[in-house]
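Examining the three-dimensional arrangement
Each chain is listed here by its residues.
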2 protein chains.
Amino acid sequence: MIPIKMTIADRVFDTLCTAIVEGEIAAGSKISEPELAKRLEVSRASLREAIGRLEACSLVTRKANIGARVVSLSKEKLLEIYHVREALEGMAARLAAENITAHEIIQLQQLLKRHTDEVNQADCASYFQRSGDLDFHYHIVQSSHNERLISLLCNDLYHLMRMYRYQFGRVSQRAFPALDEHSYVVSAIADGDGEMAELLMRNHIRRSRRNIEQMMAA
Amino acid sequence: MIPIKMTIADRVFDTLCTAIVEGEIAAGSKISEPELAKRLEVSRASLREAIGRLEACSLVTRKANIGARVVSLSKEKLLEIYHVREALEGMAARLAAENITAHEIIQLQQLLKRHTDEVNQADCASYFQRSGDLDFHYHIVQSSHNERLISLLCNDLYHLMRMYRYQFGRVSQRAFPALDEHSYVVSAIADGDGEMAELLMRNHIRRSRRNIEQMMAA
DNA sequence: TCAATTATAATTGTCGACAATACGGGCTTG
DNA sequence: CAAGCCCGTATTGTCGACAATTATAATTGA
């Protein structure tokens, strides 16, 4: 693999993306272009380019002549995302069942096994913390072979989901049942049963959402 | 309503957006920044800002150090979009059934009646041509009251769908059945039956997709 | 003649400066 | 004292120019 040529704006985007996801730049805080440009030692043009892309993946919001703010997190917005995920990833599972390649099935099963081992020997909590869960969903979405679906979930929503997971830092008690649900989805996909795969994936995500609703009701 | 303050980049975006949607700037063609900037009489900075937003709604694709191209249309990509729409608008219909307001129901029913009248007295073809169909879907999505869903469908995918409808210019023979399907969806939403609303909306969109698959198989 | 290479031209990425707009404090006025 | 206006300051939007990269044309050598 040839080292890809990266532009300055690319690097700035990556830097700010992780900084925002990990909360180093606080959610809801205003972004000062002059200050950030000075701190990162880049021109405002490059910084603005990067901010534009952050806006595209919903990590910041901009208003004309006012500026950019890091997106603020809320229970309501998180639940909205879960509704969207239920719809999109359900469809992704259906399409994956129809279009997945033999090689991808093997990779998916290996990923599932690796996750199972991790959860069994380590404590369950660290699984979700280290976004092993996202890896699984990511892989299925890729296997749908629907470029637009992949773009929506893996480019637009991916960072935002990571941000919630990172900052809300829930230690889900659902590690074991979630893994079971994962394995059912994989089975349906391996069987080429799109209808069933979609149903199982939607149920899985809906349970996650309900779990969050409960935990945040407190 | 107060006249909104628009920035130059906003106007350029609107101009280019309609130009691309309507094919005035050919699909697949390269965008020359110096030339366009001169023709629109704006600086390259404003133009690049606009191009960035065009990229965000998938009307152009950019590669580093190479430039931006207007997205190229294809049957495959269109079908991909229909899969995404089936998932997202299905969920939108479900949520609309749960969250729609009484006023929105009335508006929706009036819209449906207006469309029915148009189709009955004018010839059917013009209905879809003038994107009355998109209006209907747009309204339902709004009634879901899920901001992210609304953003995805009405900001990100909306222009692209208009572009396909405009440039592929199919004269659908499905005006009458489509209107029936619309009315069923409205009924389910008015009844507050989310499960049924989603099912009907998904079937509606799936039939549209299959119709396209047939017509483009030629 | 064709392939490879170099040189030239054009395009994109980046920068610093200027113009337009929004923010904050003090003042005026009721 | 509160509300509204005015003005200085800071921030964002816009511009033209330069640097880095890519595309194109010319040249050379086999």
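Heads up: the structure comes first, above all this text.
Just so it is clear, the structure is predicted and the values come from calculations on it, not from any experiment.

A word on the interface of chain B and chain A
Many analyses report the size of an interface as the accessible area lost when the parts associate. Counting residues at the interface gives 28 residues for chain B, matched by 28 residues for chain A. Overall, the association of chain B and chain A removes approximately 2,300 Å² of surface from exposure, summing both partners, and the carbon and sulfur fraction of that is 56%. Among the residues chain B hides against chain A, the three largest losses belong to E80, M91 and R148 of chain B. Together they make up 26% of the total. Counting the contacts that link chain B with chain A gives 4 salt bridges. A salt bridge links E49 of chain A to R62 of chain B; its shortest N-O distance comes to 3.7 Å. For the pair chain B and chain A, the interface holds 10 residue pairs in polar contact (both at pLDDT 80 or more).

Here we look at the sheet that holds strand β3 (residues 67-70) of chain B
Residue and element names in this part refer to chain B. Taken together, the 3 strands give an open sheet; going across it, the order is β1-β3-β2, and neighbouring strands pair in antiparallel fashion. Edge positions in the sheet fall to β1 (30-31) and β2 (60-63), since each of these pairs with one other strand and no more. Alignment of β1 against β3, held across 2 bridges, turns out to be antiparallel. Residue I31 lies in a different strand from β3, and its bridge partner there is A68.

Here we look at the protein's contact with DNA strand C
Near DNA strand C there are 21 residues, and of these T7, I8 and S43 of chain A together with R44 and R48 of chain B occur at the shortest range. Protein-proximal atoms of DNA strand C, defined as those within 4 Å of the protein, fall in sugar or phosphate at a share of 73%. Interatomic distance of 2.9 Å between a side-chain N/O atom of R44 of chain B and a base nitrogen of DNA strand C. Of the residues assigned to the surface near DNA strand C, the class counts are 8 nonpolar, 6 polar and 7 charged.

Here's the deal with the nonpolar core
Core analysis: the biggest nonpolar cluster contains 54 residues, and I20, L47, L54, L59, I140, M163 and I189 of chain A have the highest contact counts within it. Every residue in contact with L47 of chain A, bar those within four places of it in the chain, is listed here: V12, L16, E33, L36, A37 and V42 of chain A. In terms of nonpolar packing, the next biggest core, distinct from the first, is built from 52 residues, I31, C57, V71 and A188 of chain B among them.

Description of the pairing of strand β2 (residues 60-63) of chain A
All names here are of chain A. Here β2 runs beside strand β3 (residues 67-70); their pairing, made up of 4 bridges, is antiparallel. Bridge assignment links T61 to a residue of β3, and that residue is R69. Between the end of β2 and the start of β3, which pair antiparallel, lie 3 residues, with N65 showing a positive phi angle near 65 degrees.

Observations regarding the sheet that holds β2 of chain A
Strand order in the open sheet formed by 3 strands is β1-β3-β2 (chain A), and the pairing between neighbours is antiparallel. A single partner strand is all that each edge strand has here, and the edge strands are β1 (30-31) and β2 of chain A.

Some thoughts on the packing of aromatic side chains
Applying the stated criterion across every chain, the model contains 4 aromatic pairs over all chains. Geometry around Y82 of chain A places R85 of chain A over its ring, the cationic atom sitting 5.3 Å from the centre.

A few points about the protein's contact with DNA strand D
Lining the immediate surroundings of DNA strand D are 22 residues, of which R44 and R48 of chain A together with T7, I8 and S43 of chain B lie closest. Near-protein atoms of DNA strand D (within 4 Å) split between backbone and bases, with sugar and phosphate holding 73%. One of the backbone nitrogen or oxygen atoms of I31 of chain A is found 3.2 Å away from a phosphate oxygen of DNA strand D. S43 of chain B is positioned with one of its side-chain polar atoms (N or O) 2.8 Å from a phosphate oxygen of DNA strand D. Elements supplying a minimum of two residues to the surface near DNA strand D: β1, α2 (33-40) and α3 (44-56) of chain A together with α1 (8-21) and α3 (44-56) of chain B. Here the element with the most residues in the surface near DNA strand D is α3 of chain B; it accounts for 3 residues.

Scoring rules and cut-offs
Counting restarts for each chain: residues are numbered from 1 in the order of the written sequence. Each chain is given a letter, starting from A, and each ligand a number, starting from 1, according to the order in which they appear as written. Given that this is a predicted model, residues contribute local features only at a pLDDT of at least 70 and side-chain atom pairs are listed and counted only at 80 or more, while totals for whole chains, interfaces and linings are drawn from all residues. To obtain the side-chain values, all non-hydrogen atoms of the structure were used and water was disregarded. A contact between two residues is defined here by any heavy atoms of the two lying within 4.5 Å. In this description, buried area is defined as the sum, over both parts, of the accessible area (probe of 1.4 Å) that is lost when the two are combined. Each salt bridge in this description consists of a side-chain nitrogen of Lys or Arg and a carboxyl oxygen of Asp or Glu lying within 4 Å of one another. Whenever two N or O atoms come within 3.5 Å, that pair is a polar contact, provided that in protein one can donate a hydrogen and the other can accept it, and provided that, for residues adjacent in sequence, both atoms are side-chain atoms. Strand pairing is assigned whenever DSSP detects at least two bridges linking the two strands. Strands are runs of DSSP state E lasting at least 2 residues, helices are runs of H or I lasting at least 4, and numbering of each runs from the N terminus. Any residue with a heavy atom lying within 4 Å of a molecule or strand is counted as near it. For this scheme, ten residues count as nonpolar: Ala, Val, Leu, Ile, Met, Phe, Trp, Tyr, Cys and Pro. Four count as charged, namely Asp, Glu, Lys and Arg, and the remainder, Gly too, count as polar. Among buried residues, those of type Ala, Val, Leu, Ile, Met, Phe, Trp, Tyr and Cys that are joined through side-chain atoms within 4.5 Å constitute a nonpolar core. A 1.4 Å probe rolled over the protein chains alone gives each residue an accessible area, and that area as a share of the maximum for its type sets the label: buried under 20%, exposed over 50%, partly exposed in between. Stacked, tilted and edge-to-face are the three classes assigned to paired rings of Phe, Tyr and Trp, where Trp is represented by its six-membered ring and a pair needs centres within 6.5 Å; plane angles under 30 degrees give stacked, over 60 edge-to-face, the rest tilted. Working rule: Lys NZ or Arg CZ, within 6 Å of ring centre, within 35 degrees of ring normal, means a charge sits over the ring.

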